[in-house]
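Summary of structural features
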Amino acid sequence: MKSFLETLKNAEEKWRERWRESGIFKPDEGSDKPKYYLLEMYPYPSGTLHMGHMRNYSIGDSIARFKRMKGYDVLYPMGWDSFGLPTENAAIENDISPEKWTERCIEDMKEQMDSLGLSYDWDREVASHWKGYYKWDQWFFLKFLERDLAYKKEAEVNYCSECETVLANEQVEGGRCWRCDSLVEKKDLDQWFFNITEYADELLEDLEELEDWPEKVKKMQQDWIGRSEGAEVLFETTDGEEIPVFTTRPDTLYGCTFMVLAPEHEISEELAEGNDEIEEFIERAKRLKASVREQKGKEGIFTGKYGVNPVNGEKIPIYIADFVLETYGTGAIMAVPAHDQRDFEFAREHDIPIVPVIKPEGEEDFEDLDEAYEDEGVLINSEDYNGMDSEKAWEEITSALEEEGKATREINYRLRDWLISRQRYWGCPIPVVYCDECGTVPVPEDELPVELPTDIDVDVAGNPLKNDESFLKTECPECGGEAERETDTMDTFIDSSWYYLRYCSPDFEEAPFDEGDLEKWMPVDQYIGGIEHAILHLMYSRFFVKVLRDMGMCEMEEPFERLLTQGMVLLDGEKMSKSKGNVVDPGNMIEKYGADTSRYFILSAADPRREVEWSDEGIESKFEFLRKVWQTVEESDFDGNEDIDLENCNLRDRYIVSRTQRVADEVAEDIENFRISDGLKKMEHFFDELLKYRDESEETPERSKIFSKGLETYVRMLYPFSPHLSEEIWHQLGNDELINEVGWPESEDALIDERAERGEELYQKLRDDIIHIKNITEKEPGHIRVIVAEKWKFKAFELIQEKLNEMEKPDMGAIMGDLGGEFPDKKRELSEIAQKAVKNPGKILDRDVDHEFETTTLDQIKARLEREFETEIEIMKAEDVEDEKADRAEPGKPGIILD
RNA sequence: GCGGGAGUAGCCGAGCUAGGUCAAAGGCGCUAGACUCAAGAUCUAGUCCUAUAGGGGUCCGAGGGUUCGAAUCCCUCCUCCCGCACCA
């Protein structure tokens, strides 16, 4: 006999081939099925698949297959985020061109993806380094330029000397490069930007529409955008200079006792010219900023200048201090030490007066603060505004200043424009040339793409494009004279901002996408990826779609309808990473256990959103489980295609039939809600129930049919998770069609049998009780009596149930009042039952109160119990038994006597 | 500091968005039994305390509260994890 592993491997090869031939992974053109666009974040082609990928794609593929079974027209594509710095480095290391390296990596990864059995439609593959793709990056750039959404300016930018390129704000994490973790420096450079701040408000507001995004991701974007409402207030110095400041608290203006400038502020720089002390301070502050981010001290220096508080004419000192950010607001602040903790600390250190102007409501004395009071309250020390609520004062003070022309209401954002230039080779060239005559000239659309030269020596310092004459030298599109190309390439996040649109029409040549196809497939119904893109990729993509909408190229507002952020894969509680050397290679795992086992394990070990702990025993046990499934089929005769004759079914038969219906619906619901591991657990439980049923019940034609049907249902449910094995089994069972065509098992209401389910419950409870009693008495009974409660108790329970349902809250008196009359001679027993009912209504409410049913059910259960306990069972009526245990019997809970 | 998430039996982990059927699913580990020459695998039962009849007690980070009734709702506190971090 073949080993199970061999079986798996054979099935993998065989079905992968058959699926490919059948074209079931391609969207069903022209069908009227509802569309479903399922997307995983396209990977950077590093050459090897890691566990994170493996998990991501296992989740995605199971959803894709499930949705196809459920009758959706599924678009499930894959592609490559193939531009980027690591490739350039790898290429140098391996002495090969980045292009060749990339293509080799793609090939390798594709093979690994195939070995997992992922059901992508490879006809739609895209890769950002393909000319046919990045041409449209350039096209978008030109469009952005036309709309003033792309511009070049000299600015202080983040520079990573390790990567030898600049970075966008989003790509700096805690002062370090997101990719290589080295410290980021500030540099003044002339760079290209996308004007994402233009869309700040919309990006913020529309977050609310994204109902099926994780709250966490929305919150992160919200914080990143960082909108704050306030006013820009114009302060004058005693020398007549004007210094605008931004504040969100105009209501505290009377408490402003000094001003602070950022070290990079224009006036700071001017002052440094003639003052060594100031110059030195500024230099030091700048250096500190770049290196030691954690330092919290508020260092500052007095400028010798004074400003004038515009509301009360007070003369206030102006300082330069490192805690004021040049990049936020105007780079200068009005300091209100009484109501801002940072200002408070600074004032303490420099002996500046602290004047409270807002006191908490109801408080009397409010002087001598220990810390700043930052909440709302009532104004004090504020002339005409005293006694006013801070909220109202905010408005009035602002309006008053506005009238004098000393303030304007402003909204400020933390979000900065997106710096898209990169001084690296392996990226999409920015389609611009520089001409001495005409200046900066965009490359005309019909000359796109500006091709990235591929026969080039990349092992040089700096950007290799600068050394490549044939690339560099060009004609000016306007005057025809000599010109030089822009050598910066685009941030690769531009590539990934619209790739999901390209999948809709990957071969379209007239435009980045065909609008009709876009209309059909977008938005993405389900996006799956890592949390690390919470801000970067997900915000840039949203921005792109909004711009495209304004260009009239699409109608949607948001690209991704639902977002799922998967958890990490851990080993011994730690994140797997190359640097820690604790990686488990998916390739080895597939080799050893097969693709189906690997997929099954990673999906069953934890739900997609959570972290998952890798475990050798875990995958081993799943391998065994699947082997059991396989063996079960091997040893079974199959006749699932014949109709079941319910007339000839006993209670248990009907129960299994009923379960078979329900489990399909339950598991489907779990999958819809990404509770995949729950669903798999239910399936396993169902499978074990089936086996028990087969082994424990009498061999009848119906049993065989019911078992087969159950097995068939199980196998179909297994398909999204372990598709090869399940397809193999399915055909082994005598079916010709592919599971994909047959679809998800639909439940038949007519086959759902609540009585049978109740019967099974009764059996289980009874069995548990008998075992329990056996355990505490340590008796091995030779005879068991099972006693149905007296008939009147059924009636009494029923009445109590009615009462409980009527009553707002359980009331002992009311229950007894009505029941006492009904059963005058049972008052003592009744009061016990009623007490129980009041104490725990749930325990009474779930009872089955059908005496007839219980009696006949027990008769049917009898034989099964006898087999289970290998002893004689006698079913009796309490009315016929003289024993206190018989008196204790209740509906749904028969008395038990072990003899 | 701000924000988000979480604290459940030896461990992992459901349940907690609709309070009662929760001593609290499932898995792992452990114990006993079956099987076996034996081990492993598998199957069965047990695994908070107590009890030779299905019961009782205590329990879901700590402490209060609401309720006839709380793991589930409210308040306070403690601890852990994650994200942002001097954004005026």
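Note that the structure is predicted; figures quoted are calculated from it, not measured.

Concerning the overall build of chain A
In terms of regular secondary structure, chain A is built from 31 helices and 33 strands. Relative to a compact globule of 899 residues, whose C-alpha radius of gyration would be 29 Å, chain A shows 37 Å and is clearly more extended. In chain A, buried positions account for 55% of the 899 residues. Taking the intrachain contacts of chain A between residues at least 6 apart in sequence as the baseline, contacts between residues at least 24 apart amount to 74%. Carbon and sulfur atoms make up 42% of the accessible area of chain A, which amounts to about 41000 Å² in all. Positive and negative side-chain charges of chain A, numbering 110 and 213 respectively, have mean locations separated by a distance of 7 Å.

Observations concerning the sheet that holds strand 23 (residues 473-475)
Reading across the sheet, the 4 strands line up as 22-21-24-23 and stay open at both edges, with antiparallel pairing between neighbours. Two strands lie at the open edges of the sheet, namely strand 22 (439-442) and strand 23, each paired on one side alone. Averaged over neighbouring strand pairs, the angle between their axes works out to 40° when direction is ignored. When strand 21 (residues 432-435) meets strand 24 (residues 482-485), the two strands line up antiparallel, connected through 3 bridges. Within the sheet, the bridge partner assigned to Cys-435 lies in strand 24 and is Ala-483.

Brief notes about the sheet that holds strand 33 (residues 895-898)
Pairing is mixed in the open sheet, where 3 strands are placed in the order 32-31-33. Every interior strand has two partners, whereas the edge strands, strand 32 (872-877) and strand 33, have only one. Strand-to-strand twist across the sheet, computed as the mean angle between neighbouring axes with direction ignored, equals 20°. As defined by bridge partners, strand 31 (residues 783-788) adjoins strand 33 across 4 bridges and the pair is classed as antiparallel. Pairing of Arg-785 across the sheet is with Ile-897, part of strand 33.

Some details on the protein's contact with RNA strand B
The environment of RNA strand B is formed by 48 residues, the closest being Thr-248, Arg-342, Arg-767, Lys-809 and Asn-840. Near the protein, meaning within 4 Å, the atoms of RNA strand B are sugar or phosphate in a fraction of 48%, with bases accounting for the rest. Between RNA strand B and His-772 there is a distance of 3.4 Å, counted from a sugar or linking oxygen to a side-chain nitrogen or oxygen. Looking at the surface near RNA strand B, the elements that each hand over two or more residues are helix 7 (215-225), strand 11 (242-247), helix 21 (676-696), helix 25 (754-777), helix 28 (827-839), helix 29 (841-845) and strand 33. Among the residues forming the surface near RNA strand B, the class breakdown is 17 nonpolar, 11 polar and 20 charged.

Some remarks on the pairing of strand 27 (residues 560-566)
Counting buried positions along strand 27 yields 5 of 7 residues, so the element is predominantly enclosed. By the bridge criterion, 6 bridges tie strand 26 (residues 524-530) to strand 27 in an arrangement that is parallel. Its bridge partner lying in strand 27, Tyr-527 is registered against Leu-563. Each parallel crossover has a hand, and the one from strand 26 via helix 16 (residues 536-550) to strand 27 is right-handed.

A short note on the state of the cysteines
Tallied over the entire structure, the rule returns 0 disulfides. With no disulfide partner, Cys-105 has as its closest neighbouring cysteine sulfur the one in Cys-163, 18 Å distant. Overall, Cys-105 belongs to the buried group, its relative accessible area being 4%. Looking at the unpaired Cys-476, the closest cysteine sulfur is the one in Cys-479, lying at 3.7 Å.

Focus: the nonpolar core
Residues Met-51, Met-113, Trp-614, Tyr-714 and Trp-744 are the most contacted members of the largest nonpolar core, which totals 108 residues. Broken down by element, this core gets its largest block of residues, 9 residues, from helix 20 (residues 651-672). Contact partners of Tyr-714, with chain neighbours within four places excluded, come to Tyr-600, Phe-625, Val-629, Met-683, Phe-686 and Phe-687.

As for the side chain of Arg-65
Relative to the helices and strands, Arg-65 resides in helix 2 (residues 51-69). Each residue touching Arg-65, except ones within four places of it in the same chain, is listed here: Trp-19, Phe-25, Gly-117, Leu-118, Ser-119, Arg-599, Tyr-719, Pro-720 and Pro-723.

As for unusual backbone geometry
Cis geometry marks the peptide bond from Leu-448 to Pro-449, where omega comes out at 0°. Secondary-structure assignment places Pro-449 in the loop between strand 22 and helix 12 (469-472). That bond from Met-522 to Pro-523 is cis: its omega, 0°, falls within 30 degrees of zero. With respect to the helices, strands and loops of the structure, Pro-523 is situated in the loop between helix 15 (515-521) and strand 26. Despite not being glycine, Glu-383 has its phi angle at roughly 50°, a positive value. With relative accessibility at 47%, the residue Glu-383 sits in the partly exposed group.

A look at the packing of aromatic side chains
Overall, the coordinates contain 49 aromatic pairs when judged by the stated rule. Here the aromatic rings of Tyr-499 and Tyr-500 are separated by 5.7 Å at their centres, their planes lie at 80°, and the arrangement is edge-to-face. Pair check on accessibility: Tyr-499 and Tyr-500 agree, each one buried. Seen from the ring of Tyr-72, Lys-67 lies directly overhead, with NZ or CZ sitting 4.5 Å from the centre. Cation over ring: Lys-153 sits above Phe-193, and NZ or CZ is 4.9 Å from the ring centre.

Side note on the environment of Phe-869
Mapped onto the elements, Phe-869 comes out in helix 30 (residues 851-869). What Phe-869 contacts, discounting residues up to four positions off in sequence, is Arg-767, Ile-770, Ile-771, Lys-774 and Ile-784.

Notes on the packing of helix 19 (residues 616-634) against helix 21
Packing of helix 19 against helix 21 brings their axes to within 12 Å, and their N-to-C directions diverge by 40°. One finds that helix 19 runs oblique with respect to helix 21. When you trace helix 19 past helix 21, the crossing you get is left-handed. Seen from helix 19, the contacting residues are Lys-622, Phe-625, Lys-628, Val-629 and Thr-632; seen from helix 21, they are Glu-684, Phe-687, Asp-688, Leu-691 and Arg-694.

What about the pairing of strand 12 (residues 258-261)?
Side-chain alternation along strand 12 places Phe-258 and Val-260 on one buried face and Met-259 and Leu-261 on a second face that is also buried. Sheet topology places strand 12 next to strand 15 (residues 332-335); 4 bridges connect them, and they run antiparallel. Bridge pairing in strand 15 places Met-259 opposite Met-334.

Examining the pattern of salt bridges
In this structure the tally under the stated criterion is 68 salt bridges. In this structure, Glu-146 and Lys-143 form a salt bridge, with 3.8 Å as the shortest nitrogen-oxygen distance. Note that Glu-146 and Lys-143 are positioned in helix 5 (residues 131-146) at a spacing of 3 residues, about one turn of the helix. Residue Glu-395 pairs with Arg-409 through a salt bridge whose shortest N-O separation is 3.1 Å. With Glu-395 in helix 11 (residues 390-403) and Arg-409 in strand 18 (residues 407-412), this pair connects stretches of sequence that are 14 residues apart. Several salt bridges share partner residues, and in doing so they unite Glu-202, Asp-206, Arg-542, Lys-546, Arg-549, Asp-550, Glu-557 and Glu-558 into one network.

Re helix 18 (residues 595-604)
Counting buried residues in helix 18 gives 10 out of 10 residues, a clear majority hidden from the surface. Those residues of helix 18 that sit buried are Ala-595, Asp-596, Thr-597, Ser-598, Arg-599, Tyr-600, Phe-601, Ile-602, Leu-603 and Ser-604.

Things to note about the confidence of the model for chain A
Across chain A, pLDDT averages 88, with 98% of residues at or above 70. Note on residues 291-295: pLDDT under 50 across the span, and 4 contacts to partners over four residues away in sequence or across chains.

Definitions and limits used
- Residues numbered from 1 in each chain as written.
- Chains lettered and ligands numbered in written order.
- Predicted model: local features only at pLDDT ≥ 70, side-chain atom pairs only at ≥ 80, totals over all residues.
- Heavy atoms only, no water.
- Helix = DSSP H or I, 4+ residues; strand = E, 2+ residues; numbered from the N terminus.
- Rg over C-alpha atoms; globule rule 2.2 N^0.38 Å.
- Buried < 20%, exposed > 50% of the residue type's maximum accessible area, 1.4 Å probe, protein only.
- Contact = heavy atoms within 4.5 Å.
- Areas by Shrake-Rupley, 256 points an atom, 1.4 Å probe, with all protein chains shown as cover.
- Lys, Arg positive; Asp, Glu negative; His and termini not counted.
- Charge placed at Lys NZ, Arg CZ, Asp CG, Glu CD.
- Pairing = 2+ DSSP bridges.
- Axes fitted to C-alpha atoms, helices over the stretch in contact; angles between N-to-C directions.
- Near = heavy atom within 4 Å.
- Polar contact = N/O pair within 3.5 Å; in protein donor to acceptor, adjacent residues only side chain to side chain.
- Nonpolar A, V, L, I, M, F, W, Y, C, P; charged D, E, K, R; others polar.
- Right-handed = clockwise from strand over helix to strand, strands pointing away.
- Disulfide = S-S within 2.5 Å.
- Core = buried A, V, L, I, M, F, W, Y, C linked by side-chain atoms within 4.5 Å.
- Phe/Tyr/Trp six-rings, centres within 6.5 Å; stacked < 30°, edge-to-face > 60°.
- Lys NZ or Arg CZ within 6 Å of the ring centre and 35° of its normal.
- Parallel < 35°, antiparallel > 145°, perpendicular 65-115°, else oblique.
- Left-handed = near helix turned anticlockwise from the far one by under 90°.
- Salt bridge = Lys/Arg side-chain N within 4 Å of Asp/Glu carboxyl O.
- pLDDT = per-residue confidence, 0-100.

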